[in-house]
Amino acid sequence: MAIPFQSRAKSKPLLRPNRMSQNQPRRPGQSQERPTRCGDVLPVAGGHAGEAITPRAADMMPSAENRVLGRTPNDGPASGMESAATRNKQRGVVSNAPGLQDVSVTQTDIPGSPGQRLVTKFVAGQAVGRYVIYRGEGGDDQGGGGCSVAMWTDKVTIGEALEATATTAGDKTVEASDAAAIQAAEATATGVNAVMPGGVAAAAQAAAAANASRDRNDDKTRLGQVVKDAAIRLPVDKVATRRDAERVLAAEMRNNPDLLTYPGGVGASMVAAARLNQQR
């Protein structure tokens, strides 16, 4: 089964900024006054996708990058937003109003990968890209000035693999095997084996326990309700690997009375993510 990996907005490509609208010719009859919008250059959806990119909004991403990384990489969301804002200003289709203001950048150490950090950039609460940066010898980031962007990754993270389960098995009632698989995935992503209060695994365990005591199927919590925003709720995320998938599969099977995994479930999504990442 093909596993679709989408964002919490269910429309973004895998961490790769959409630049198609920047290069495509306008369709016949299309208004020349239409500004370039957030959804045209970034993998976001919902109400924020329709917001025009203004110069002040575009300035927010490099400012956030500089605060966290010490400089602004040449490629990525910031450059796409700046180009769009410049075009909109030259065409006179936007003002210098603030516009979109929910922009942030975070960086976290990657568990099991000393000296590597995962930098995630958010617009309107949606991840629009990730960089992996490497810390050089002597404790300084390679290249000086704050960080060295080693690569722009379009690989699937554990959080995104969990979110994909909302599409492939979202109507499934949460059981102990699902909760165990989610806990294994969360622990693999964060490097913390204990269940974190308020995390995805905690929600899954609570749902599984509640479902076991409910008679009516309609009253039970569904898997999609638990994992739909997993990538946001994980304090640390990482690219899914084959070893990660094996750990999650094992946890799901151990906690299933029949020693099976659910088709399209958490384990299956992790396997699909790991396979996809191996091809990239």
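Note that the coordinates shown come from a computational prediction; the quantities given were computed from them, not determined experimentally.

Trainee: I keep staring at the overall build of the chain and nothing clicks. Help me out?
Mentor: Each helix and strand counted, the chain has 11 helices and 4 strands in total. By the burial criterion, 47% of the 280 residues in the chain qualify as buried. The contacts in the chain between residues at least 6 apart in sequence include a share of 66% that link residues at least 24 apart.

Trainee: What am I meant to see in the pattern of salt bridges here?
Mentor: Throughout the structure, instances matching the rule amount to 6 salt bridges. Between Glu175 and Lys172 there is a salt bridge, with the nearest N and O atoms lying 3.7 Å from each other. Two residues, Asp218 and Arg216, come together in a salt bridge whose shortest N-O distance is 3.8 Å. Here Asp218 falls in the exposed class, since its relative accessible area comes to 61%. Of the residues examined, Arg216 reaches a relative accessible area of 48% and is grouped as partly exposed. Three or more residues joined by partner-sharing salt bridges are found here, namely Lys172, Glu175 and Asp178.

Trainee: Can you help me understand helix α6 (residues 176-190) in this one?
Mentor: Structural remark: α-helix, 3.6 residues per turn; residues separated by three or four positions point the same way. Over its 15 residues, α6 extends 21 Å from the first C-alpha to the last, a length consistent with the 21 Å expected when each residue adds 1.5 Å. Directly after α6, the chain includes Gly191, whose backbone phi takes a positive value near 80 degrees.

Trainee: Before we go on, may I ask you to explain the side chain of Thr190 in this structure?
Mentor: Residue position: Thr190 is located in helix α6. From its side chain, Thr190 meets the backbone nitrogen of Val192 in a polar contact 3.2 Å long.

Trainee: Would you explain the nonpolar core in this entry?
Mentor: Most often, soluble globular proteins keep nonpolar side chains buried together rather than apart. Counting 32 residues, the largest nonpolar core has Leu162, Ile182, Leu223, Val226, Val248, Val266 and Met270 as the members making the most contacts within it. Per-element accounting of this core gives the leading share, 7 residues, to α6. For Met270, the residues in contact, after removing those within four places along its chain, are Ile158, Ala161, Ala240, Asp244, Ala245 and Val248. Of all hydrophobic cores here, the second largest spans 14 residues; its members include Cys38, Val41, Met81 and Val123.

Trainee: Whenever I open this one, the environment of Ala204 confuses me. Can you help?
Mentor: Here Ala204 shows up in helix α7 (residues 200-212). By relative accessible area, Ala204 is classed as buried at 0%. In sequence terms Ala204 and Glu175 are 29 residues apart; their C-alpha atoms lie 8.3 Å from each other.

Trainee: Quick question: what am I supposed to make of the environment of Ala274 here?
Mentor: The topology assignment puts Ala274 in helix α11 (residues 266-278). Residues Ala274 and Asp244, 30 residues apart in the sequence, show an inter-C-alpha distance of 8.0 Å.

Trainee: For this particular structure, what's the right way to read the packing of helix α10 (residues 242-254) against α11?
Mentor: Each pair of packed helices gets described by two things: the angle between the helix axes and the distance between those axes. It is the contact of α10 with α11, at a shortest axis distance of 8 Å, that shows an interaxial angle of 170 degrees. Here α10 lies roughly antiparallel to α11, going by the angle between them. Across from Arg242, Asp244, Ala245, Val248, Leu249 and Glu252 in α10, the residues of α11 making contact are Val266, Gly267, Ala268, Met270, Val271, Ala274 and Gln278. Residues of the contact of α10 with α11, tallied by class, amount to 8 nonpolar, 2 polar and 3 charged.

Trainee: Any chance you could explain the environment of Val41 here in plain terms?
Mentor: The residue Val41 is located in helix α2 (residues 38-41) in this model. Classification of Val41 by relative accessible area gives buried; the value is 2%. Separated by 42 residues in sequence, Val41 and Ser83 have C-alpha atoms that sit 9.5 Å apart.

Trainee: What is the right way to read unusual backbone geometry from this model?
Mentor: Where the residue is not glycine, phi is negative for most of them; where a peptide bond is considered, it is trans in most cases. Its identity is not glycine, yet Leu259 carries a phi of approximately 55 degrees, on the positive side. Its place among the elements puts Leu259 in the loop between α10 and α11.

Trainee: It is not clear to me how the confidence of the model for the chain should be interpreted in this structure. Could you clarify?
Mentor: Detailed reading of the predicted coordinates is not advisable wherever pLDDT is low. Model confidence for the chain is summarised by a mean pLDDT of 75, while 65% of its residues fall at 70 or above. Low pLDDT (under 50) marks residues 6-31, which in the prediction has 66 contacts with non-local residues, meaning those over four places away or in another chain. Confidence drops under pLDDT 50 across residues 136-152; counting only partners more than four residues distant or on other chains, this segment forms 48 contacts.

About the criteria used
Residues numbered from 1 in each chain as written. Predicted model: local features only at pLDDT ≥ 70, side-chain atom pairs only at ≥ 80, totals over all residues. Heavy atoms only, no water. Helix = DSSP H or I, 4+ residues; strand = E, 2+ residues; numbered from the N terminus. Buried < 20%, exposed > 50% of the residue type's maximum accessible area, 1.4 Å probe, protein only. Contact = heavy atoms within 4.5 Å. Salt bridge = Lys/Arg side-chain N within 4 Å of Asp/Glu carboxyl O. Expected span 1.5 Å × (residues − 1). Polar contact = N/O pair within 3.5 Å; in protein donor to acceptor, adjacent residues only side chain to side chain. Core = buried A, V, L, I, M, F, W, Y, C linked by side-chain atoms within 4.5 Å. Axes fitted to C-alpha atoms, helices over the stretch in contact; angles between N-to-C directions. Parallel < 35°, antiparallel > 145°, perpendicular 65-115°, else oblique. Nonpolar A, V, L, I, M, F, W, Y, C, P; charged D, E, K, R; others polar. pLDDT = per-residue confidence, 0-100.

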